[in-house]
Amino acid sequence: MIKVLIASNDIVLERMLNVTLTINGFSVVVTKNLREACSIMGNGKIDIFLLDTQLEPQHNIELVKIMREEKLYVPLLFLGERILGLEKSEFLHTPFDFL
């Protein structure tokens, strides 16, 4: 089963993703802060990380650097607005629709 980590403080976005992914057979772990997200990635197998850019936006670039330094090779998809210094293709702009 694919394990998805969602880090968001947007309750609507988090619930929408959680329910949709769970219904479609994914295992979902949810956190509301980046420190806990790093801990979860370091302690267990996460297959993909969905990060709301509005969650501690001042620390998003640092998170990417930490993930690379710690060799946490987890696919990371930013949800929300573009962050300076990161490629446009790394973002899924919100709001979005599930098909």
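You'll find the structure just up there.
Every value quoted in this text rests on a predicted model; they were computed, and no experiment measured them.

**Regarding the overall build of the protein**
Right, so step 1: If you tally the helices and strands in the protein, you get three helices and five strands.
Right, so step 2: Written out in order from the N terminus, the α and β elements of the protein read β-α-β-α-β-α-β-β.
Right, so step 3: Among the 99 residues that make up the protein, the fraction classed as buried is 35%.
Right, so step 4: Element-wise, carbon and sulfur atoms account for 56% of the exposed surface of the protein, whose accessible area totals about 6300 Å².

**A word on the nonpolar core**
Burial of nonpolar side chains together is a common tendency in soluble globular proteins.
Right, so step 1: Leu5, Met41, Phe49, Leu51 and Met67 are the most contacted members of the largest nonpolar core, which has 16 residues in total.
Right, so step 2: Among the secondary structure elements, those contributing two or more residues to this core are strand S1 (3-7), helix H2 (34-43), strand S3 (48-52) and helix H3 (60-69).
Right, so step 3: With four residues, the single largest contributor to this core is H2.
Right, so step 4: Setting aside chain neighbours within four positions, we find Met67 in contact with Met41, Phe49, Leu72, Val74 and Leu76.
Right, so step 5: In terms of nonpolar packing, the next biggest core, distinct from the first, is built from eight residues, Ile6, Leu13, Leu17 and Leu21 among them.

**Some thoughts on the pairing of S1**
Right, so step 1: Across the five residues that make up S1, a large majority, four, are buried.
Right, so step 2: Two elements, S1 and strand S2 (residues 27-31), share five bridges in a ladder whose sense is parallel. Among the inter-strand pairings, Leu5 is bridged to a residue of S2, identified as Val29.
Right, so step 3: Tracing the backbone out of S1, into helix H1 (residues 11-23) and back to the parallel element S2 gives a crossover that is right-handed.
Right, so step 4: Inspection of the sheet shows S1 paired to S3 by four bridges, in the parallel sense. Bridging across to S3, Leu5 finds its partner in Phe49.

**Considering the pairing of S3**
Right, so step 1: The buried fraction of S3 is high, at four of five residues.
Right, so step 2: Two strands pair when backbone bridges link them, and S3 and strand S4 (residues 76-79) are joined in this way by four bridges, in the parallel orientation. Each residue of the ladder has a partner; that of Leu51, found in S4, is Phe78.
Right, so step 3: Read as a crossover between parallel neighbours, the route from S3 over H3 to S4 is right-handed.

**Things to note about H1**
Right, so step 1: In this model, H1 (13 residues) spans 18 Å end to end at C-alpha, consistent with the 18 Å of a helix rising 1.5 Å per residue.
Right, so step 2: Those residues of H1 that sit buried are Leu13, Glu14, Leu17 and Leu21. One side of H1 carries all its buried residues, which in axial view fall inside an arc of 95 degrees. Among the exposed residues of H1, those oriented more than 90 degrees off its buried face are Val12, Arg15 and Ile23.
Right, so step 3: On the buried face of H1, the contacting elements are S1, S2, S3 and S4.

Thresholds, definitions, all that
Residues numbered from 1 in each chain as written. Predicted model: local features only at pLDDT ≥ 70, side-chain atom pairs only at ≥ 80, totals over all residues. Heavy atoms only, no water. Helix = DSSP H or I, 4+ residues; strand = E, 2+ residues; numbered from the N terminus. Buried < 20%, exposed > 50% of the residue type's maximum accessible area, 1.4 Å probe, protein only. Areas by Shrake-Rupley, 256 points an atom, 1.4 Å probe, with all protein chains shown as cover. Core = buried A, V, L, I, M, F, W, Y, C linked by side-chain atoms within 4.5 Å. Contact = heavy atoms within 4.5 Å. Pairing = 2+ DSSP bridges. Right-handed = clockwise from strand over helix to strand, strands pointing away. Expected span 1.5 Å × (residues − 1). Arc of directions from axis to C-beta.

Just geometry here; none of it tells us what the structure is for.
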